[in-house]
Amino acid sequence: MKKRGFIASVVFLIVFMAFYFLRDNQPAKGIYQRDEGTIFGTIYHISYEYPENLHQQIKEELKRFDASMSTFNKNSIISRINRNDSTVEADEWFIRVFNTGRDVSAATEGSFDMTVAPLVNAWGFGFKKSDQVTPALIDSIRSFVGQEKIRLAGKKVIKTDLRVMLDASAIAKGYACDVIGELLTKKGIRNYMVEIGGEVSAKGKNTSGKCWRIGINKPIEDQSASAGEIQEIINLCGGGMATSGNYRNFYYKEGKRYAHTIDPRTGYPVEHSLLSATVIAPSCMLADAFATAFMVLGLDKSMEIVEKNPEIDAYFIYADGSEENAVKMSKGFEQYMKR
């Protein structure tokens, strides 16, 4: 996951939040460590209340996670599964990601699908590039895309078609935040914030004794990812938060704008007014997966799913034809916006 190619398939896929700390002048109640570095082709920031620095342990945990879930690590478990290595067995991290992905797929009518990578690649957003996308090509690829074409039997992965490939880029970064959160929790840490490429897992309070304050970016069309104007500030005392959008990773061909969000059910890029979806859930992994699915489904269908699911809340930014983008959110999301 350290290669540049990961930026195209992961970082630009669902990273569209700005992370920063907003502190008042109150003295810190304890010693807060702050670590940062690079992983999965993006930057991470981690803050936690603890008397000693744990950055080395954090880096080692991230390295182990990379060896499980990175499609850009040729020796990772997921890469070996994609090569149909009959000797490989899934580890606990892979199993948890796979099962969560399957559940979110079922809850979103197949709009989340870990086997969508070949379609993403065909449209020029993944590991490879393709200048020729035809209906025949898409139909051919769709014959081996679909969550139902792969299953777990114990620790073994069973495919109905050996061409099926898994890509966890729309869920694994969120889960990596949870994994580090779990590491800190095992140390007895009650106050922490883990942010990897915009996805966040948080618990407790910041140095001011308040909820962690996280920024949601305005969806400005900007492929350089340099724009960072804040749309809203969210207060997060626990759980995970993730944002996905289609306003940074896109290309133009013959005058038409193609977004990076591919609908696995049709094989084609989505075309709707939804610009970004921010989800708050019990885990960042769950938030990450739902945010991706909502960018496939669009505003109305996503709102239906959110209102029926008490575990998640969502904040949507969409184009309504005016100069300023419009916002719609679930009823429960308002609690995170209180000043």
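The rules behind each value
- Residues numbered from 1 in each chain as written.
- Predicted model: local features only at pLDDT ≥ 70, side-chain atom pairs only at ≥ 80, totals over all residues.
- Heavy atoms only, no water.
- Pairing = 2+ DSSP bridges.
- Helix = DSSP H or I, 4+ residues; strand = E, 2+ residues; numbered from the N terminus.
- Axes fitted to C-alpha atoms, helices over the stretch in contact; angles between N-to-C directions.
- Expected span 1.5 Å × (residues − 1).
- Buried < 20%, exposed > 50% of the residue type's maximum accessible area, 1.4 Å probe, protein only.
- Contact = heavy atoms within 4.5 Å.
- Disulfide = S-S within 2.5 Å.
- pLDDT = per-residue confidence, 0-100.
- Salt bridge = Lys/Arg side-chain N within 4 Å of Asp/Glu carboxyl O.
- Phe/Tyr/Trp six-rings, centres within 6.5 Å; stacked < 30°, edge-to-face > 60°.
- Core = buried A, V, L, I, M, F, W, Y, C linked by side-chain atoms within 4.5 Å.
- Arc of directions from axis to C-beta.

Visitor: So what exactly am I meant to see when it comes to the sheet that holds strand β10 (residues 238-245) here?
Guide: The strands making up a sheet associate through backbone hydrogen bonding, with each pair oriented either parallel or antiparallel. Taken in spatial order, the eight strands of this open sheet run β2-β3-β6-β7-β10-β13-β14-β15, and their pairing is antiparallel. On the outer flanks of this sheet lie β2 (32-39) and β15 (326-329), each paired with one strand and no other. Across the sheet, the mean angle separating the axes of adjacent strands is 10° when strand polarity is ignored. Where strand β7 (residues 199-203) and β10 come together, four bridges link them in antiparallel fashion. For Lys203, the partnering residue across the bridge sits in β10 and is Gly238.

Visitor: Hey, could you run me through helix α4 (residues 92-107) in this one?
Guide: Since one α-helical turn is 3.6 residues long, residues separated by three or four positions face the same way. Under the 1.5 Å per step criterion, the end-to-end length of α4 is 23 Å for 16 residues, consistent within 8% with the ideal 22 Å. All buried positions along α4 are accounted for by Trp93, Phe94, Val97, Phe98, Thr100, Gly101, Val104 and Ser105. Looking at the packing, one finds that the buried side of α4 touches α2 (55-69), α3 (77-82), β4 (150-153), β5 (156-159), α7 (172-186) and α8 (284-297). At the exit of α4 stands Glu109, carrying a positive phi of roughly 60°.

Visitor: Just checking my understanding: could you explain the state of the cysteines for this structure?
Guide: Structurally, a disulfide amounts to a covalent bond that connects the sulfur atoms of two cysteines. Counted under the stated rule, the structure contains one disulfide. The residue that forms a disulfide with Cys211 is Cys237, at a sulfur-sulfur distance of 1.7 Å. Of note, the bridge from Cys211 to Cys237 carries an S-S torsion of about -80° and is left-handed in sense. Taken as a pair, Cys211 in the loop between β7 and β8 (212-217) and Cys237 in the loop between β9 (230-236) and β10 lie far apart in primary sequence, 26 residues in all. With relative accessibility at 22%, the residue Cys211 sits in the partly exposed group. Cys177 carries a free sulfur, and the closest cysteine sulfur to it, the one in Cys284, is 4.2 Å from it.

Visitor: Looking at this model, I keep getting lost on the confidence of the model for the protein. Mind explaining?
Guide: Detailed reading of the predicted coordinates is not advisable wherever pLDDT falls low. Of the residues in the protein, 83% have a pLDDT of 70 or more, and the chain-wide mean is 86. Per-element confidence in the protein ranges from a low mean pLDDT of 37 for helix α1 (residues 5-14) to a high of 98 for β7. Within the model, pLDDT remains below 50 along residues 1-28, and this stretch shows 97 contacts once partners closer than five positions in the same chain are excluded. Low pLDDT (under 50) marks residues 223-227, which in the prediction has ten contacts with non-local residues, meaning those over four places away or in another chain.

Visitor: Looking at this structure, how should I read the pattern of salt bridges?
Guide: Two side chains that carry opposite charge are able to pair once their charged atoms sit near each other. This structure, assessed with the given rule, holds eleven salt bridges. For Arg102, the salt bridge is made with Asp103, and the minimal N-O distance between the two is 3.4 Å. With a closest N to O distance of 3.0 Å, Glu148 and Lys149 form a salt bridge. The exposure class of Glu148 is exposed, given its relative accessible area of 61%. A single network of salt bridges, built from pairs that share partners, joins Glu109, Lys301 and Glu304.

Visitor: Please explain the packing of aromatic side chains as it appears in this structure.
Guide: Think of a pair of aromatic rings as described by two things: how far the centres are apart, and how the planes are tilted against each other in angle. Taken as a whole, this structure holds ten aromatic pairs when the rule is applied. Measuring from ring centre to ring centre gives 5.6 Å for Phe65 and Tyr175, while their planes differ by 70°; the resulting arrangement is edge-to-face. With a gap of 110 residues between them, Phe65 in helix α2 and Tyr175 in helix α7 connect regions that are remote in the sequence. For Phe65, a relative accessible area of 1% corresponds to the buried category. Given a relative accessible area of 1%, Tyr175 falls into the buried group.

Visitor: Where do I start with the nonpolar core in this structure?
Guide: As a rule of thumb, soluble globular proteins bury nonpolar side chains together. Counting residues in each nonpolar core, the largest one holds 78 residues, and the members touching the most others are Tyr48, Phe65, Phe94, Leu184, Ile196, Phe294 and Phe316. If one sorts the elements of this core by residue count, α8 sits on top with eleven residues. Counting residues in hydrophobic clusters, the runner-up holds 16 residues, among them Tyr32, Ala202, Trp212 and Tyr336.

Visitor: Would you mind going over helix α9 (residues 299-308) with me for this structure?
Guide: Along α9, the residues that are buried comprise Leu299, Ser302, Met303, Ile305 and Val306. When α9 is viewed along its axis, its buried side chains cluster within an angular range of 165° and face the same direction. Turned more than 90 degrees from where α9 packs its buried face, Asp300 and Lys308 sit exposed. For α9, the secondary structure elements touched by its buried residues are α4, β13 (274-281), α8, β14 (313-318) and β15.

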